Amino acid sequence: MSIKHFDFYKGGFYMEWFNVGRIVNTHGIRGEVRVLSSTDFEEIRFAPGSKLAVFKKDEKKPIWVTVESSRKHKNFILLTFEGYNNINLVEPFKEGMLKVTKDQLEDDELEENEYYYFEIIGCEVFSEVGDLIGTVSDILETGANDVWEIKASNGKKHYIPYIEDVVKNIDVEEKKITIHVMEGLL
């Protein structure tokens with residue numbers, strides 16, 4: 001899942017935001033926007049009635065919108081927002097990011113052994129015998145399976161496939177992952 005985040009200060013506390021898409025252009029004259037999705041939960045994020053925060057380019061304060069309609073068009077999602085029914089109202093949203101807050105993620109139903117990127121990135125990775133290998137610094141989507149970039153304390157990077165034969169245990173609460181170090185893996 002492609003989820004990135006940043007913090008936004010609001011009312012004395014920081015809100016954590018997660019990207020779900022980028023508005024790349026308008027579509028037609030009736031207020032539709034063309035969105036390049038970056039979420040695995042399109043049916044939840046872009047469903048009519050869903051609340052999204054639009055962060056316009058170079059602005060830090062979001063504009064909250066409610067999805068009125070959603071449909072697929074080629075490689076994009078076409079959205080309309082309640083109260084934004086013509087091109088002039090949505091034109092300023094071009095190149096804006098669509099985000100949700102962390103508490104909105106509770107609607108997602110993850111399958112067993114599925115995790116958000118933010119839960120995995122930053123976890124320490126250990127071998128089955130307890131040796132620290134490094135910390136997950138990035139996740140690469142390869143098609144067949146994700147590959148985790150592990151940065152060792154010496155700066156060296158290792159690439160670990162997220163497959164059952166390698167990844168033996170994930171504890172997102174403790175930020176600890178245990179892997180089986182196969183020959184040639186590191």
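In this text, all values refer to a predicted model and were calculated from it rather than measured experimentally. (Residues numbered from 1 in each chain as written. Predicted model: local features only at pLDDT ≥ 70, side-chain atom pairs only at ≥ 80, totals over all residues. Heavy atoms only, no water.)

Draft legend 1. The arrangement of the side chain of E149 in detail. Residue position: E149 is located in strand β10 (residues 146-151). Looking at E149, its side chain comes within polar contact range of the side chain of S137, at 2.8 Å. Aside from chain neighbours lying at most four places away, what touches E149 is T135, V136, S137, D138, K157, H158 and Y159. (Helix = DSSP H or I, 4+ residues; strand = E, 2+ residues; numbered from the N terminus. Polar contact = N/O pair within 3.5 Å; in protein donor to acceptor, adjacent residues only side chain to side chain. Contact = heavy atoms within 4.5 Å.)

Draft legend 2. Representation of the pairing of strand β8 (residues 124-127) in the model. Strand direction decides the pairing type here: β8 and strand β9 (residues 132-141), joined by three bridges, are antiparallel. Counted as the bridge partner of F126 is L132 from β9. Counting the residues that bridge the hairpin from β8 to β9 gives four residues, and of these G130 lies at a positive phi of roughly 95°. (Pairing = 2+ DSSP bridges.)

Draft legend 3. Spotlight on the side chain of T80. Within the secondary structure, T80 sits in strand β6 (residues 76-81). Among the polar contacts made by the side chain of T80, one reaches the side chain of S69 at a distance of 2.5 Å. Contacts of T80, omitting those with residues within four sequence positions, involve G31, E32, T66, V67, E68 and S69.

Draft legend 4. Geometry of the packing of aromatic side chains. In the structure shown here, the tally under the stated rule is six aromatic pairs. Aromatic pair W17 and W64: ring centres 5.5 Å apart, planes at 40°, arrangement tilted. Placement of the pair is W17 in strand β2 (residues 13-27) and W64 in strand β5 (residues 63-73), with a sequence separation of 47 residues. Arranged with centres 4.9 Å apart and planes meeting at 15°, the rings of W148 and Y162 form a pair that is stacked. Taken together, the positions of W148 in strand β10 and Y162 in the loop between β11 (157-161) and β12 (167-171) put the pair 14 residues apart, joining distant regions of the chain. The exposure class assigned to Y162 is partly exposed, which follows from its relative accessible area of 23%. Among the aromatic residues, those joined into a ring-pair cluster are W17, F55 and W64. A cation sits over an aromatic face here: K176 above F126, 5.1 Å from the ring centre. (Phe/Tyr/Trp six-rings, centres within 6.5 Å; stacked < 30°, edge-to-face > 60°. Buried < 20%, exposed > 50% of the residue type's maximum accessible area, 1.4 Å probe, protein only. Lys NZ or Arg CZ within 6 Å of the ring centre and 35° of its normal.)

Draft legend 5. Expanded view of the environment of A152. Mapped onto the fold, A152 is located in the loop between β10 and β11. Judged by its relative accessible area of 12%, A152 falls in the buried class. Separated by 17 residues in the primary sequence, A152 and T135 place their C-alpha atoms 6.5 Å from one another. Leave out the neighbours within four places in its chain, and A152 touches I133, G134 and H158.

Draft legend 6. Quick peek at the pairing of strand β13 (residues 176-179). Both β8 and β13 contribute to a ladder of four bridges, which runs parallel. Considered in β13, the bridge of F126 is made with T178. Here four bridges tie β12 to β13, and the two strands are oriented antiparallel to one another. Paired with I170 across the two strands is I177, which belongs to β13. Taking the residues between adjacent antiparallel strands as the criterion, β12 and β13 are bridged by four residues, where K175 takes a positive phi near 55°.

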